[in-house]
Amino acid sequence: MEDNLLAHVKDNSGTWKIHELEDHLKDVAAIAEKYAASFSCQDWIKAAALLHDLGKGSDAFQNKIKLQSGYDPEASIKDGQGKAPHSTHGAAWAFDQWGPQLGKVIAYLVAGHHGGLPDWFHTMGVGGSLEYRLKPDEVCKLPKLSEVFITKITEAIPAPTTIPEFISKGEFEHYHTWIRMLYSCLVDADFLDTERFMNPERFDNRRNHSSMKALKKMFDAHMDHLSEKAPNTFVNKIRSEILSQCRQEAKKKHDLFTLTVPTGGGKTLSSMAFALERAIEHEKERIIVVIPYTSIIEQTSKIYKEIFHDENVIEHHSSLDPEKETLQSRLATENWDAPIIVTTSVQFFESLFAAKSSACRKLHNIVNSVVIIDEVQMLPTDFLKPILYCIRALTKYFKVSMVLCTATQPAITSEIFQKKNGEYHAIISNEECQEIMKSPSPEELTAKLQRVQVEQIGKFTEWPILAEQLQQHDQVLCIVNTRNDARDLYHEMSEGTIHLSANMCGQHRSDCIEEIKKKLDAQEPVRVISTQLVEAGVDFDFPVVFRAITGFDSIAQAAGRCNREGKLQSERKPVNGKVCVFEPPKPAPQGTLRKGEQAGKAILSVDPEGCATLRPQVFKRYFELYFSNLNTFDKQNMEDLLVKDAPDFNFQFRTAAQRFNLIDNQRQVAVVIWYEREKVQKMINELQFKGPYRNLIRRLQRYTVSIPEAVFNEVQNDFKQIHGIWCQNADTLYDNILGFVGYNGEIPITI
């Protein structure tokens, strides 16, 4: 065995630079321990880090890296040594030395540090199981390590002794979150130490960000400027009251809050004020803003970048994770190392249930942060049970302060979850959740901010009939339930109508929104057909809004795009905007959207007066109706996969990750499209010749569209895979009005 074993090696302008294996193991451990210190698990992650590349000490791996890099063209690879696996050695050592609980936890981390967290038991079509990889007969087949090397690396590794509180209490539903947090510390530390060696300039550019106190100064200056130029309207006075209350409540010791404010009440800025105050008061490291999976996060991100500057804000929505990971693609993945993150609930929660290293590396940066979940009522009910357990774990055991924002608080503290004995219980109790708005209360705010009237206008049997009615209004927004409905209705509208849906990439949507706002401000005619993605994070102010029948919470969100500033007048007196609820030619798709539609119809029938004025009591009754009609809050059986066998530390990580798909329970494929064709093709060429790197991935995500895997399979030949990323490769796929048009069939998704 050579004294200096290689972890990595690179040709540095004709001179070979060596990253020694022992140095890499120690440096990864040092970085990972800093991360794990925030939840007091340094001993666990130190053990995993020192073991993670143990297998690189084999002759087979050393010969492979020398030959493939060109460092030693004479290195020989014997038959069967071409693959030289290295991630199982450390896992097997931990399992053998420390047994089927402590050792198994470390084994998950080490065995999965490249390929992703594995399942314990074999699942057909998912991949190899950890149980199988750790069998003595399989371990014997691994490339051999010298006893001298094993002793040298492992003699300084004590067994972990820290027992997290939730393990002591037997709260099995939180074990899998803890293991993912440890895994995140390991893989991010591994990626960063590798980047420091492979690309020191790129590594040095990280974490060049402003402090929380500096960010608060920027925010306060922005708010002072807004206050100076804001007209003295009743709406702005109420927004000022909400802002003040948020700042006061941030100093409280609670960790889970609700912020119940009617649409148009200024939640975007008030919740950020709360987060900044709290981050400084309680020494939080970052602020993460989670926007609904059906909304447009580009608008919220734009507001924050104007306040805090681009370098302090990361906008992260699409998962441009290459299907086939390489060293370079892993280093390019997002790790949320900025002070302010704006992301979607899809990105946030799917990452918390992910198995791939690229998706999990950012998770440790959620620890000790302030998380704002906007429009919490839009969390998908099919996954509500595992999501609420996750929220509870983060706020109780990982130092997260969380704010659940909405105008229509769902009954998340209600006893709606059924135990096996038939009893019902709440996952989060009323005592664990504190409302920020004390005075004025949510009920008082609703009365003060009454600016619209909701009315039912019946059924339209055909889209042309609805289109004719819409065209009687100079300024009108019509929100429908699916992308196909938006496309079909748009085709019946007059020229100049603007279309919005998630078939359009982020940059395309942003351009359209900018155009709409300019027309509204200039009092020019503007008609918009949209899916529900405009119901959060988009500050439209239409005099009239049409909404296809749906859940009443979505109707209330649509109402927030109507007479938002309370400026509508008739004969110089304030009047309410009109929100017209209609039944479209097609019912909502089967599933939770259809059940929401049914509950919406029921509440409109039972309490038409309360619905007309959006009284808070209506939402409580609506959610009771809606939840009572649902068959499950854990459609993909996360409890069976991640909780049932947790006492034995048996988890089906990879199967759970494959099933945890928030958008209509379908796996989505993110594709790069040719909007602003010349600009995008330059970036695609850059990807082709330079490979993926973080700044390029961030720029490309604004030109991506997510489509269901089943749809992608139909049009895959029109895309080209470049470094694992699918890029448009045919002219007919993208339309500058409708977005993705490469598939003529039904796209059974809502946004």
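As a convention, each chain's residues are numbered from 1 in the sequence order in which they are written. Reporting of local features is limited, given that this is a predicted model, to residues whose pLDDT is at least 70; pairs of side-chain atoms are given and counted only at 80 or more, and all residues count toward the totals for whole chains, interfaces and linings. Note that water and hydrogens are dropped before the side-chain values are worked out from all heavy atoms of the structure.

A. Representation of the environment of alanine 588 in the model. Examined against the element boundaries, alanine 588 turns out to sit in the loop between strand E19 (577–583) and helix H24 (592–606). For alanine 588, a relative accessible area of 1% corresponds to the buried category. The spacing of alanine 588 and isoleucine 549 is 39 residues in sequence and 8.4 Å in space, taken between C-alpha atoms. Every residue pair with non-hydrogen atoms within 4.5 Å of one another is taken to be in contact. In contact with alanine 588, other than residues within four places in its own chain, are Asn481, Leu593, Arg594 and Glu597. The helix and strand labels rest on DSSP assignments: H or I over at least four residues marks a helix, E over at least two residues marks a strand, and numbering proceeds from the N terminus. Buried residues are those whose accessible area, probed at 1.4 Å on protein chains only, stays under 20% of the maximum for their type, while exposed residues exceed 50% and partly exposed ones sit between those limits.

B. Geometry of the pattern of salt bridges. The salt bridge definition used is simple: a Lys or Arg side-chain nitrogen within 4 Å of an Asp or Glu carboxyl oxygen. Under the criterion given, the structure shown has 42 salt bridges. Arginine 239 is the partner of glutamate 565 in a salt bridge, and the nearest nitrogen-oxygen pair spans 2.9 Å. Here the residue glutamate 565 occupies a position in the loop between helix H23 (552–559) and strand E17 (569–570), and arginine 239 occupies one in helix H12 (residues 234–249), the gap between them amounting to 326 residues. With a relative accessible area of 17%, arginine 239 lands in the buried category.

C. Examining the nonpolar core more closely. Residues enter a nonpolar core if they are buried and are Ala, Val, Leu, Ile, Met, Phe, Trp, Tyr or Cys, with the set joined through side-chain atoms within 4.5 Å. Trp178 and Ile366 are the most contacted members of the largest nonpolar core, which totals 182 residues. Here this core takes 13 residues from helix H4 (residues 87–111), the largest share from any one element. Contacts of isoleucine 366, omitting those with residues within four sequence positions, involve Met181, Ile288, Trp336, Phe348, Leu352, Val371, Leu394 and Val400. Judged by nonpolar contacts, the second largest core, of 39 residues, contains Met212, Leu215, Leu259 and Ile372.

D. Molecular detail of the domain arrangement of the protein. Per the domain assignment, the segments making up the protein are domain 1 (6–205), domain 2 (212–442), domain 3 (451–613) and domain 4 (668–740). All the domain ranges listed were derived from an automatic or database domain assignment. Taking only C-alpha atoms, the centre of domain 1 and the centre of domain 4 are 33 Å apart.

E. Geometry of the sheet that holds strand E5 (residues 313–316). If you trace the seven strands from one edge of the open sheet to the other, you get E5-E6-E4-E7-E8-E3-E11, paired in parallel fashion. Where the open sheet ends on each side, the last strands, each with one partner, are E5 and strand E11 (434–435). In this description, strands pair whenever DSSP reports at least two bridges between them. Across four bridges, the pairing between strand E7 (residues 369–373) and strand E8 (residues 401–406) is parallel. Bridging across to E8, valine 371 finds its partner in methionine 402. Sheet contacts for helix H16 (residues 345–352): strand E4 (286–291), E5, strand E6 (340–344) and E7; angle to E6, the most-contacted strand, approximately 90°. Here an angle of 0 to 180 degrees is reported between the N-to-C directions of two axes, which are lines fitted to C-alpha atoms, with helices fitted over the stretch in contact.

F. Structural view of the state of the cysteines. A pair of cysteine sulfur atoms is labelled a disulfide when the two atoms are within 2.5 Å. Scanning the entire structure with this criterion turns up zero disulfides. Cysteine cysteine 611 is unpaired, with the sulfur of cysteine 580 as its nearest cysteine sulfur at 15 Å. Residue class for cysteine 611 comes out buried when judged on its relative accessible area of 0%.

G. Inspection of the side chain of serine 271 at higher detail. By the secondary structure assignment, serine 271 is in helix H13 (residues 267–281). Serine 271 gets classed as buried once you look at its relative accessible area, which sits at 4%.

H. Highlighting the sheet that holds strand E20 (residues 668–672). Strands sit in the order E21-E20-E23-E22 across an open sheet of four strands; the sheet is mixed. For this open sheet the edge positions go to strand E21 (704–708) and strand E22 (719–722), each flanked by a neighbour on one side alone. Shown here is a sheet whose adjacent strand axes are inclined to one another by a mean of 40°, direction ignored. Alignment of E22 against strand E23 (residues 725–728), held across four bridges, turns out to be antiparallel. When the sheet's bridge partners are listed, glutamine 721 is paired in E23 with tryptophan 726.

I. Main features of the pairing of E5. Of the two faces of E5, the one holding Val313 and Glu315 and the one holding Ile314 and His316 are both buried throughout. With four bridges joining them, E5 and E6 adopt parallel strand pairing. Bridged to glutamate 315 within E6 is valine 342.

J. Quick peek at unusual backbone geometry. The backbone phi angle of glutamate 283 is positive, close to 55°, even though this residue is not glycine. One can find glutamate 283 in the loop between H13 and E4. For glutamate 283, a relative accessible area of 65% translates into the label exposed. At tryptophan 336, a residue that is not glycine, the phi angle is positive and equals roughly 55°. Among the secondary structure elements, tryptophan 336 is positioned in the loop between helix H15 (327–332) and E6. According to the relative accessible area criterion, tryptophan 336 is buried, its value standing at 0%.

K. The arrangement of the packing of aromatic side chains in detail. A pair of aromatic rings is counted whenever rings of Phe, Tyr or Trp (Trp by its six-membered ring) have centres within 6.5 Å, and the orientation is called stacked for planes under 30 degrees apart, edge-to-face for over 60 and tilted otherwise. Enumeration according to the criterion identifies 36 aromatic pairs in this entry. Between the aromatic rings of phenylalanine 166 and tryptophan 178, the centroid separation amounts to 6.0 Å while the plane-to-plane angle is 70°, which identifies the pairing as edge-to-face. Here phenylalanine 166 is found in helix H8 (residues 165–168), whereas its partner tryptophan 178 is found in helix H9 (residues 175–198), with 12 residues between them in sequence. Here phenylalanine 166 and tryptophan 178 have matching classes, each one buried. Ring plane angle 75° and centroid distance 5.4 Å describe the contact between phenylalanine 172 and tyrosine 175, whose orientation is recorded as edge-to-face. Assessed through its relative accessible area of 30%, phenylalanine 172 is described here as partly exposed. Residue class for tyrosine 175 comes out buried when judged on its relative accessible area of 3%. Here the guanidinium or amino end of lysine 10 rests over the ring plane of phenylalanine 197, the centre of that ring lying 5.4 Å away. Whether a charge sits over a ring depends on NZ of Lys or CZ of Arg being within 6 Å of the ring centre and within 35 degrees of the ring normal.

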